[in-house]
There are 2 protein chains.
Amino acid sequence: MNTPAANNANELLKLDNQLCFPLYALSRMFTKAYQPYLQALDITYPQYLVLMLLWEHRELTVKELGEKLLLDSGTLTPLLKRMEQRQWLSRRRDPRDERSVIITLLPTGHELQAQACSIPVHLLEKLQLSPTEFETLRTQLQQLLTVLR
Amino acid sequence: MNTPAANNANELLKLDNQLCFPLYALSRMFTKAYQPYLQALDITYPQYLVLMLLWEHRELTVKELGEKLLLDSGTLTPLLKRMEQRQWLSRRRDPRDERSVIITLLPTGHELQAQACSIPVHLLEKLQLSPTEFETLRTQLQQLLTVLR
DNA sequence: CAAGATTTAGTTGTATACAATTTAATGGCT
DNA sequence: AGCCATTAAATTGTATACAACTAAATCTTG
């Protein structure tokens, strides 16, 4: 354990020298930053992600949602059922392929968009990043996401 | 909804135009990338974080762990109890302040370090980032973490 | 066309996260 | 000393995540 190589390995084992921990911590901090705005709409962050996709696409299968959010049915099915209970969306089997379930936004779900569209603006203010910084970071993360996918 | 301002607000509501989603997705993908190596040690990612801190510091209170990991006792207490059951660490009240709980690494917990020190190396390989890219990204995330904290 | 492979959701069980509340101990102040 | 505010963990309840498995529908290939 006292060779330079071992010391280097131990250095790498420190929290501060890793990429993963800041990602993990930042991800949770962002979710908390969203919290007050989401609470006003009575939705959670993953539910907000689903809504964003449905505002853009109107209807999507569970599989498509999973591909876009990188979540599986074990997470999505109960989440979508909760959203169905609140009348934000409907779940129905695809008549042309009974294996698939099509998620469609209901009127109540559409109405949330008007209240939600100020959320990203609020968050941008909280971040205090210049548009350039924001864009650079977003692009880098997006790239890393593509590489790892 | 057809004014330029409203359209811009709707643009911002797309997944691809946000910082938060790539952080959220990347964080989970990283955890999955660690998974095979952590599974070999039979630990979870948050448990690995706790171990890394204890390898570096020997003993820490629950409060100190929470400050470093940005987690509260609601998350840490049950997590630490599970690690205690496996004899990796001990939990005992601080005699000088009975409110605090001191977490100390046990021999079994120390031994895990020898097996764990190859993990960051494996991860670096998976990432395929140049040392410069890695460092730039790490610094940016670290900074963002400091700003938001 | 029939059997086996594949695909899509759903289910089960475990482990986080975290808000909100509770409990116990300590500190500060009169 | 006695009281109140503060602090540190623990507890409770809800909502993700995700591995592993199941069930049903569809596809493929001989």
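Keep in mind the model is a prediction, meaning the values are calculated, not measured. (Residues numbered from 1 in each chain as written. Chains lettered and ligands numbered in written order. Predicted model: local features only at pLDDT ≥ 70, side-chain atom pairs only at ≥ 80, totals over all residues. Heavy atoms only, no water.)

**A word on the state of the cysteines**
- In this structure the tally under the stated criterion is zero disulfides over all chains.
- Looking at the unpaired Cys117 of chain A, the closest cysteine sulfur is the one in Cys20 of chain B, lying at 18 Å.
- Using a relative accessible area of 16% as the deciding quantity, one classes Cys117 of chain A as buried.
- Here Cys20 of chain B stays unpaired: no disulfide links it, and the sulfur of Cys20 of chain A, its closest cysteine neighbor, is 16 Å away.
- Look at Cys20 of chain B and you get buried, because its relative accessible area is 1%. (Disulfide = S-S within 2.5 Å. Buried < 20%, exposed > 50% of the residue type's maximum accessible area, 1.4 Å probe, protein only.)

**Here's the deal with the pairing of strand E2 (residues 89–94) of chain A**
- Alignment of E2 of chain A against strand E3 (residues 97–105) of chain A, held across six bridges, turns out to be antiparallel. If you follow Arg91 of chain A over to E3 of chain A, its bridge partner there is Ile103 of chain A. (Pairing = 2+ DSSP bridges. Helix = DSSP H or I, 4+ residues; strand = E, 2+ residues; numbered from the N terminus.)

**Brief notes about helix H5 (residues 73–85) of chain B**
Residues and elements named next belong to chain B.
- The first and last C-alpha atoms of H5 sit 17 Å apart over 13 residues, in line with the 18 Å expected at 1.5 Å per residue.
- For H5, the complete set of buried residues consists of Leu76, Leu79, Leu80 and Met83. What you see down the axis of H5 is that its buried residues fit within an arc of 100°, all on one side. Facing away from the buried side of H5 by over 90 degrees, the exposed positions are Gly74 and Gln85.
- Looking at the residues trailing H5, positive phi occurs at Gln87, about 70°. (Expected span 1.5 Å × (residues − 1). Arc of directions from axis to C-beta.)

**Here's the deal with the interface of chain A and chain B**
- On the side of chain B, 57 residues touch chain A, which itself brings 56 residues to the contact.
- In total, chain A and chain B occlude about 5,700 Å² of area from one another, counting both sides; carbon and sulfur atoms represent 75% of this.
- On the surface where chain A and chain B come into contact, there are zero salt bridges.
- For the side of chain A that touches chain B, the secondary structure elements donating two or more residues are helix H1 (4–12), helix H2 (20–41), helix H3 (45–57), helix H4 (62–69), helix H6 (107–116), helix H7 (119–127) and helix H8 (131–148) of chain A.
- Sort the elements by how many residues they give to the side of chain A that touches chain B and H2 of chain A lands first, with twelve residues.
- In terms of residue class, the side of chain A that touches chain B is built from 40 nonpolar, eight polar and eight charged. (Contact = heavy atoms within 4.5 Å. Buried area = accessible area lost by both parts, 1.4 Å probe. Salt bridge = Lys/Arg side-chain N within 4 Å of Asp/Glu carboxyl O. Nonpolar A, V, L, I, M, F, W, Y, C, P; charged D, E, K, R; others polar.)

**Structural notes on the sheet that holds E3 of chain A**
Residue and element names in this part refer to chain A.
- The strand order across the open sheet formed by three strands is E1-E3-E2, and the pairing between neighbours is antiparallel. Two strands lie at the open edges of the sheet, namely strand E1 (59–61) and E2, each paired on one side alone. The average angle at which neighbouring strand axes cross in this sheet is 25°, direction not considered.
- With three bridges connecting them, E1 and E3 associate as antiparallel partners. In the sheet register, Thr61 faces E3, and the bridge partner there is Ile102.
- Strands in contact with helix H5 (residues 73–85) are E2 and E3; relative to E2, the strand with the most contacts, it is inclined by about 125°. (Axes fitted to C-alpha atoms, helices over the stretch in contact; angles between N-to-C directions.)

**Re the protein's contact with DNA strand D**
- Among the 26 residues in the neighbourhood of DNA strand D, the closest are listed as Tyr24, Ser73, Thr77, Lys81 and Arg91 of chain B.
- Near the protein, within 4 Å, the atoms of DNA strand D are sugar or phosphate in 79% of cases.
- Contact distances for DNA strand D include 2.9 Å between a phosphate oxygen and a side-chain N or O atom of Arg28 of chain B.
- One of the side-chain N or O atoms of Arg91 of chain B is found 2.6 Å from a phosphate oxygen in DNA strand D.
- The set of elements that each furnish at least two residues to the surface near DNA strand D consists of H3, H5 and E3 of chain A together with helix H2 (20–41), helix H4 (62–69), H5, strand E2 (89–94) and strand E3 (97–105) of chain B. (Near = heavy atom within 4 Å. Polar contact = N/O pair within 3.5 Å; in protein donor to acceptor, adjacent residues only side chain to side chain.)

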